[in-house]
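Structural overview for review
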Amino acid sequence: MAAEAEAEEEVRLEVEAVVAVYGEDCRVYCDFPPHLVVHVRPNTADDSSQQFVELFLGIKASSQYPKEPPHVYAVESKGLDENRQAYLISSIQDKAKELSYYPMLVTLCEEAGEILSNMNHPAGDCPLCLYPLVSENNHDSALPFMKLMSCYHCFHSDCIMRWWGWLQHDDANSKKIDTTISTGEELRLSNSDKLYNANHHKGFCPVCRKVFDEKDIEHVRDLLDANTSQLMACLTVDLGEDDKELLHSEAEKKRREKIGSLFNLQQERNGLIEPKKDLAIQPGMYVSLPAIEPTTSAGDSTNSWEATASSTSVTDPPVTANISGGGKKQNNSGPPRRNRAYAPRKQPHGQRAGKQWQRSQPARQQWQKKDAET
Amino acid sequence: MTSSSTPSRKALSKIACNRLQKELAEWQVGPPAGFKYKVSDNLQRWVIEVGGAEGTLYAGETYQLQVDFPEHYPMEAPQVIFLNPAPMHPHIYSNGHICLDILYDSWSPAMTVSSVCISILSMLSSSPAKQRPADNDRYVRNCRNGRSPKETRWWFHDDKV
């Protein structure tokens, strides 16, 4: 009798341990004999956007536990087809048999987490293009996929972004139609249309129609930064000339930002071999001058940059940092120029000039004058 | 009469082409029960034979659906109409236009020709009487110049049939 009570006490402690490990993800229906449901997720360092499967694992034991392994079942799962779910449950059952006579509740949950981590990818086809989300044998050719955060429906990232882009575009268009539509007697605005217009900057899951907004696809936006600009370019070609300039300049800005920061980094690390510039001889000293380009766009930028520089340069070394910072910002936030290809190349001139200029104060007057002439 | 109701139709985009080829391949492996794809070399217009389901008002009858795909399918819904003669149904106009929300406002790119066909057959099968919509004559008159049903603002009022 005492031994039985002791065994029961041990089992109760074990249930407590599961609660301690899984916290809110564990629901205990009964302490003894143990009956609990644990929400198990793949181990993805809590990055839920990278979890494509999950399982509510039910564990129901008899009073003979742990001599008798508990009954293990799936209460609910997401992202798992029948085969994978059956495999998962039978693996956990095998583990339970293997561990008979030992406390195993936490171990079983961990096992479930392990297996889930190994099958942490969506199954089946992308509902939009109908091609497999994950090709079983050829991982190289697989396209990036994503899930909508709220409903766990998965799509190729490109496909869902295209749908998002389409909805935004369609939304703008449908407003146009609403205002131009004739007042024909048989034409009545349907309820869903009104709803749709109210949902600006919202989309709905193509599979379950659950409404999602920009937040739900944010994680793909970051991933697809480069792709998006391509995609946008594609879309613009399709959608007409109006949006073209705007989208293009946005993508272009991003690109320039990237290249600009890369350049700064390389320069900071002295990783650049810069071309020698022409030297102008001043009475008593050598000053290296930047080659002033005859093209107007380059000239403009140097000029305006210099205006900033001359107002801030108070000879202290820290100012250099300010200047280069100012220079960069100006390059990026300026209005889109026609000759964008020059932008990344322009920076070297500006910054280089700034440094040299700091070092050789007396040259300032002369240099400004020369600039004013051009 | 209605078959020319797609003025200035644009060619399918590459994405639409890929998707339709995939749909056709899947259809050929397992077509929805009661439907037959009429072979043609035009990927952008499918003609599909529909057999009325057993035990319904349309048992033993055969109709033809014409499915036209827009440039940006599946972002945009296909245009689906019955070719003449259209079945007598409270939601099907005599010019072949079908009042079914998923073909218009409720379209979703996750739907396929196959799923649309099944919806239409289900709509046919649940019909209580062989009759035209109440506003049939007026509507058909308004569509005389071969207007696409996609340009109609539909009012979906009946969720039973």
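A few points on the structure.

Conventions and cut-offs
Residues numbered from 1 in each chain as written. Chains lettered and ligands numbered in written order. Predicted model: local features only at pLDDT ≥ 70, side-chain atom pairs only at ≥ 80, totals over all residues. Heavy atoms only, no water. Helix = DSSP H or I, 4+ residues; strand = E, 2+ residues; numbered from the N terminus. Buried < 20%, exposed > 50% of the residue type's maximum accessible area, 1.4 Å probe, protein only. Contact = heavy atoms within 4.5 Å. Areas by Shrake-Rupley, 256 points an atom, 1.4 Å probe, with all protein chains shown as cover. Pairing = 2+ DSSP bridges. Axes fitted to C-alpha atoms, helices over the stretch in contact; angles between N-to-C directions. Patch = residues over 30% accessible without salt bridge, like charges linked within 9 Å, V, L, I, M, F, W, Y side chains within 5 Å. Salt bridge = Lys/Arg side-chain N within 4 Å of Asp/Glu carboxyl O. Lys, Arg positive; Asp, Glu negative; His and termini not counted. Charge placed at Lys NZ, Arg CZ, Asp CG, Glu CD. Core = buried A, V, L, I, M, F, W, Y, C linked by side-chain atoms within 4.5 Å. Phe/Tyr/Trp six-rings, centres within 6.5 Å; stacked < 30°, edge-to-face > 60°. Lys NZ or Arg CZ within 6 Å of the ring centre and 35° of its normal. Nonpolar A, V, L, I, M, F, W, Y, C, P; charged D, E, K, R; others polar.

1. Some words on the overall build of chain A
When its secondary structure is counted, chain A shows 12 helices and 10 strands. Put simply, chain A has 374 residues, and 39% of those count as buried. Residue pairs at least 24 apart in sequence account for 59% of intrachain contacts in chain A once pairs closer than 6 positions are excluded. Here chain A displays about 21700 Å² of accessible surface, and carbon together with sulfur accounts for 53% of that area.

2. Looking at the sheet that holds strand β2 (residues 35-40) of chain A
All names here are of chain A. The sheet built from four strands is open, its strands ordered β1-β2-β3-β4 with antiparallel pairing. Both edges of this open sheet fall to β1 (26-30) and β4 (71-78), since each of them pairs with a single strand only. Neighbour-to-neighbour, the strand axes of this sheet turn through a mean angle of 15°, independent of strand direction. The pairing of strand β3 (residues 54-60) with β4 spans seven bridges and is classified as antiparallel. Looking at the pairing, E54 lines up with K78 of β4. Against the sheet, helix α2 (residues 82-98) contacts β3 and β4, and its axis sits at roughly 150° relative to β4.

3. Focus: a negative patch on the surface
All names here are of chain A. On the surface, E6, E9, E10 and E16 cluster together into a patch of negative charge. As for its placement among the helices and strands, E16 is situated in helix α1 (residues 2-22). Accessibility expressed as a relative area gives 52% for E16, which makes it exposed.

4. Quick look at the nonpolar core
Of all hydrophobic cores here, the largest spans 41 residues; its most connected members are W46, I48, L65, F82 and I98 of chain B. Secondary structure elements with two or more residues in this core: α1 (14-29), β1 (35-38), β2 (45-51), β3 (62-68), β4 (79-82) and α2 (113-125) of chain B. Judged by nonpolar contacts, the second largest core, of 30 residues, contains L88, L108, L116 and M119 of chain A.

5. Focus on the pattern of salt bridges
Residues and elements named next belong to chain B. One pass over the full model with this rule turns up 12 salt bridges over all chains. Across the pair R19 and E23 runs a salt bridge whose closest N-O atoms are separated by 2.8 Å. Of this pair, R19 and E23 both sit in helix α1, separated by four residues, roughly a single helical turn. The exposure class assigned to R19 is buried, which follows from its relative accessible area of 1%.

6. Details of unusual backbone geometry
The omega torsion of the bond from F32 of chain A to P33 of chain A falls at -10°, within 30 degrees of zero and hence cis. Residue placement: P33 of chain A occurs in the loop between β1 and β2. Residue P85 of chain B is bonded to the preceding N84 of chain B through a cis peptide linkage, with omega at 0°. Along the chain, P85 of chain B falls in the loop between β4 and α2.

7. Things to note about the packing of aromatic side chains
Inspection of the entire model under this criterion finds 11 aromatic pairs over all chains. Relative to F145 of chain A, the ring of F52 of chain A has its centre 4.9 Å away and its plane inclined at 70°; by these criteria the two rings are edge-to-face. In this pair, F52 of chain A is assigned in the loop between β2 and β3 and F145 of chain A in strand β5 (residues 145-147), connecting sequence segments 93 residues apart. Residues W46 of chain B and F69 of chain B carry aromatic rings whose centres are separated by 5.5 Å and whose planes lie at 70° to one another, so their mutual orientation is edge-to-face. Taken together, the positions of W46 of chain B in strand β2 and F69 of chain B in the loop between β3 and β4 put the pair 23 residues apart, joining distant regions of the chain. Of the residues examined, W46 of chain B reaches a relative accessible area of 0% and is grouped as buried. Here F69 of chain B falls in the buried class, since its relative accessible area comes to 1%. The ring of Y152 of chain A has K78 of chain A sitting right over it, with the charged end atom 4.8 Å from the ring centre.

8. Some words on the packing of α1 of chain A against helix α3 (residues 105-118) of chain A
All names here are of chain A. Between α1 and α3, the least distance of the axes is 8 Å, while the angle of their chain directions is 35°. Residue-level contacts link E14, V15, A17, V18, V21 and Y22 of α1 to L105, V106, C109 and E110 of α3. For the contact of α1 with α3, the residue count by class is eight nonpolar, no polar and two charged.

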